[in-house]
Amino acid sequence: MFKTEKKLVGWHIVLALSSLSIGAFFGPLQAWEHAGWNLYPAMQPYIASYYQGLTLHGILNALVFTTFFITGFLTYVVATSLDRPMRYPKLSWAGFFTMVVGLLLAAVPLLLNLASVLYTMYPPMMAPWYFYVGMTVFVVGSWMSGWSMMITFATWRKDNPGATPPFQAFASVITMVLWQICTLGIAAEMLILVIPWALGLVPGIDVQLARTLFWFTGHPLVYFWLLPAYVSWYGMMPKQADGKLFSDTMARFAFWLFLLLSTPIGFHHQYVDPGVPAGWKYLHAILTYAVFFPSLLTAFNVAASLEYGGRQRGGKGLLGWIKKLPWGDPSYTAQNLAMIIFILGGAGGVINASYNVNLVIHNTAWVPGHFHLTVGTAVTFSFMGIMYWLVPHLTGKAIQRRVALWQAWLWAAGMLIFSRGLHWIGLLGAPRRTMLGVAIDNYGTGEWQVASMMTGVGGTILLISGLLFFYVIIHGAFFSKEEVVVEIPFAEPLTDEVVPAWLNNWKPWLIAVFALIIIAYAPMIINLVTDGAAFSPGFVVWK
Ligand code: HAS
């Protein structure tokens, strides 16, 4: 059973890891540049500059790797947790191939240094039209994969009237619905503003409107990355630790809150933008604080589930259960370290979200410090941990667990040093997305040098860890001789709790989601459209 779904997830992983291998390659180059060792000139003419490398790094890692992994992983989770094949597997395949076509179209200008617009693609920087078309087609492909999951889920519900769907399928589908809703912003940006402008059909673009539509998608994007990790933290890790999910009800409630609260908060990325009145920024700041709660619920619920597992394994006393967790299992260890580091990333999020404190860190190296703890660790590191059971599950071949354990601890150590350096140098005033080597040589005090050196050292450790990760996966998939049978670690709820009907009823939640989005965005978007200032021509600033 699930032969097609296995193939689907396998191909998604191949594309995800191919993207990650190229995207991640540029990470150490950037870290070394910050430490004063710039290797980019040696890469000419293949890679023109730091900015081309940074664009490839951001797009391939943050957008392409994550989206391929998420659509593949969640497709598999939906099918297996519902214990039925996808209703329309051809739709999932069509989604996959559409994503590949979009990626190829966008890759050409990226590799030719024609689209070094960084992953936020802010106008008035202008790339060729086919770059934007490629990125749009890529997103449409991910929608199709999402539709396939939603249809399968809806068919299950129809066949099982009144029954509560398994948490794993429910949470996966919420993630794809969130993605569907939030990408309406970037779809509007691309189709109405950017593509006509890049094609020369209109003379100029409204930069502020484009940024607003981008962040409509850009913030919930981070929860599209995070929630599949949460599917595993809630729905699989407790099983890996011999535990059970402490509260299924609370886990579902957290996912509904993410769906409700993650979109109407995009202005917290635009606190310093002109043209957005303070009142709107303040409203988004309050809602940003609200979106902490589902993560705090998660911290409590997941910790309680793991504590139960640790005690089942013989852990005693206040903290003795922690020692008994399965620290010898690289899949578990990577994800538990990712969670622990996410506590720091989340604390940084509180600082970023504060309207006034944000002014200290906005557009400084602090921000990449924050997002390497979140998307670079809570998310990517969790995905690595998931692959440590998923790849043997798919191939039937064992991975080298000891090497994988080394990889996990090195990732944690490297990321802590690397992002400590970035946070620190950001507080000293170093800008983000900027070559720092020259600035540090000329203006840097001792503190600048220590902080930037930490970034370089951390980046080097991450490089070693990344190489070990690829070694473990490639060796496990193609060269391992040891056969294994790895089951999907689906965790069960701790008690026979009955999930309340209001957590199973989609309609009121979806109405609330759209109502809150309209309240938080519509007046401002109408204002930006009616006061339209679509006059900016395109600029190519990176050559
Ligand atoms: Fe963020 C900027 C605010 C979370 C990613 N963020 C970014 C950017 C990225 C990013 C990529 O308000 C840069 C965008 C750009 O290019 O300009 N962020 C937040 C807030 C949260 C947050 C409030 N961010 C994330 C996540 C990301 C991510 C998650 C990726 C996946 N972020 C901001 C703001 C900015 C920003 C501003 C703009 C800054 C600027 O000025 O440019 C919150 O969601 C965080 C809540 C999280 C927690 C932590 C809960 C902890 C858990 C772990 C529990 C541990 C356990 C372990 C159970 C409160 C769940 C137990 C241990 C055992 C041993 C058992």
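Residues numbered from 1 in each chain as written. Predicted model: local features only at pLDDT ≥ 70, side-chain atom pairs only at ≥ 80, totals over all residues. Heavy atoms only, no water.

(A) Geometry of the overall build of the protein. When helices and strands are counted, the protein shows 18 helices and zero strands. Its C-alpha atoms give the protein a radius of gyration of 23 Å, near enough to 24 Å, the size a compact globule of 543 residues would have. Its C-alpha atoms give the protein principal-axis dimensions of roughly 60 × 50 × 45 Å. The buried share of the protein, reckoned over its 543 residues, is 59%. Considering only residue pairs separated by 6 or more positions, the protein has 84% of its internal contacts joining residues 24 or more positions apart. Surface accessibility of the protein: about 21,500 Å² in total, with carbon and sulfur atoms responsible for 71%. Averaging the positions of the 27 positive and the 20 negative side-chain charges in the protein gives two centres separated by 5 Å. (Helix = DSSP H or I, 4+ residues; strand = E, 2+ residues; numbered from the N terminus. Rg over C-alpha atoms; globule rule 2.2 N^0.38 Å. Buried < 20%, exposed > 50% of the residue type's maximum accessible area, 1.4 Å probe, protein only. Contact = heavy atoms within 4.5 Å. Areas by Shrake-Rupley, 256 points an atom, 1.4 Å probe, with all protein chains shown as cover. Lys, Arg positive; Asp, Glu negative; His and termini not counted. Charge placed at Lys NZ, Arg CZ, Asp CG, Glu CD.)

(B) Local environment of the pattern of salt bridges. Under the defined criterion, the tally for this structure stands at six salt bridges. The salt bridge involving Arg211 is made with Asp273; its shortest N-O contact spans 2.8 Å. One end of the pair, Arg211, is in helix 6 (residues 207-235); the other, Asp273, is in the loop between helix 8 (248-261) and helix 9 (278-290), and 62 residues separate them in sequence. Considered together, Arg211 and Asp273 belong to a single accessibility category, that of buried residues. (Salt bridge = Lys/Arg side-chain N within 4 Å of Asp/Glu carboxyl O.)

(C) Focus on the coordination of the iron atom of the ligand. For the iron atom of the ligand, the protein contributes exactly one donor atom, His370 (NE2), at 2.2 Å. Tracing the backbone through its elements, the reader meets His370 in helix 14 (residues 366-395). (Donors = N, O, S within 2.8 Å, 3.2 Å for Na, K, Ca; no water.)

(D) The environment of Gly102, seen in detail. Along the chain, Gly102 turns up in helix 3 (residues 89-111). Gly102 sits in the buried class, given a relative accessible area of 0%. C-alpha of Gly102 to C-alpha of Phe293: the two residues are 191 residues apart in sequence and 36 Å apart in space. Apart from residues lying up to four places away in sequence, Gly102 is in contact with Gly134, Met135, Val137 and Phe138.

(E) Expanded view of the site of the ligand. Neighbouring the ligand are 37 residues, the closest being Tyr119, Tyr223, His362, His370 and Arg432. Within the contact set of the ligand, an oxygen atom lies 2.8 Å away from a side-chain nitrogen or oxygen of Asn358. A distance of 2.7 Å is found between an oxygen atom of the ligand and a side-chain nitrogen or oxygen belonging to Arg432. Elements represented by at least two residues in the shell around the ligand include exactly helix 6, helix 10 (292-312), helix 12 (330-353), helix 13 (358-361) and helix 14. Sorting elements by how many residues they give to the shell around the ligand places helix 12 first, with nine residues. Across the shell around the ligand, the residue classes break down as 23 nonpolar, 12 polar and two charged. (Near = heavy atom within 4 Å. Polar contact = N/O pair within 3.5 Å; in protein donor to acceptor, adjacent residues only side chain to side chain. Nonpolar A, V, L, I, M, F, W, Y, C, P; charged D, E, K, R; others polar.)

(F) Highlighting the side chain of Gln180. Structurally, Gln180 can be placed in helix 5 (residues 167-198). Classification of Gln180 as buried rests on a relative accessible area of 19%. Reaching out from Gln180, the side chain makes a polar contact with the side chain of Trp147 at a distance of 2.9 Å. Once residues within four sequence positions are removed from consideration, Gln180 is found in contact with Trp143, Trp147 and Met150.

(G) Expanded view of a nonpolar patch on the surface. Together, Tyr289, Val350, Ile351, Val357, Val360 and Leu427 make up a nonpolar patch on the protein surface, roughly 450 Å² of accessible area in all. Taking the relative accessible area as the measure of exposure, Tyr289 reaches 31% and is therefore partly exposed. (Patch = residues over 30% accessible without salt bridge, like charges linked within 9 Å, V, L, I, M, F, W, Y side chains within 5 Å.)

(H) Local environment of the side chain of Ser148. With respect to the helices and strands, the residue Ser148 is situated in helix 4 (residues 129-159). With residues near it in sequence (within four places) discarded, Ser148 still touches Met86, Tyr88, Leu91 and Ser92.

(I) Just helix 2 (residues 50-82), in detail. Helix length check: helix 2 (33 residues) gives 46 Å between terminal C-alpha atoms against 48 Å at 1.5 Å per residue, within 8%. Where helix 2 bends most, the angle comes to about 30°, and this point is Leu60. Burial within helix 2 is extensive, with 32 of its 33 residues counted as buried. Measuring from the side-chain oxygen of the N-cap residue of helix 2 to the backbone nitrogen of Tyr51 gives 3.2 Å; that N-cap residue is Ser49. (Expected span 1.5 Å × (residues − 1). Bend = angle between axes of the 7 residues up to and from the residue.)

(J) Representation of the packing of helix 4 against helix 5 within the structure. Contact geometry of helix 4 with helix 5 gives a least axis separation of 9 Å together with a crossing angle of 155°. Taken together, helix 4 and helix 5 sit at an angle that is classed as roughly antiparallel. Considering the relative orientation of helix 4 and helix 5, their crossing is left-handed. Split into classes, the residues belonging to the contact of helix 4 with helix 5 amount to 22 nonpolar, five polar and no charged. (Axes fitted to C-alpha atoms, helices over the stretch in contact; angles between N-to-C directions. Parallel < 35°, antiparallel > 145°, perpendicular 65-115°, else oblique. Left-handed = near helix turned anticlockwise from the far one by under 90°.)

(K) Looking closely at the environment of Ala412. Considering the arrangement of structural elements, one finds Ala412 in helix 15 (residues 401-427). Of the residues examined, Ala412 reaches a relative accessible area of 6% and is grouped as buried.

(L) Just unusual backbone geometry, in detail. Residues Gln44 and Pro45 are joined by a peptide bond in cis, for which omega reads 5°. Looking along the chain, the bond that leaves Pro123 and enters Pro124 is cis, with omega of 15°. Residue placement: Pro124 occurs in the loop between helix 3 and helix 4. Positive phi values are uncommon outside glycine, yet Leu118 reaches one of about 60°. With respect to the helices and strands, Leu118 occurs in the loop between helix 3 and helix 4. Leu118 sits in the buried class, given a relative accessible area of 11%.

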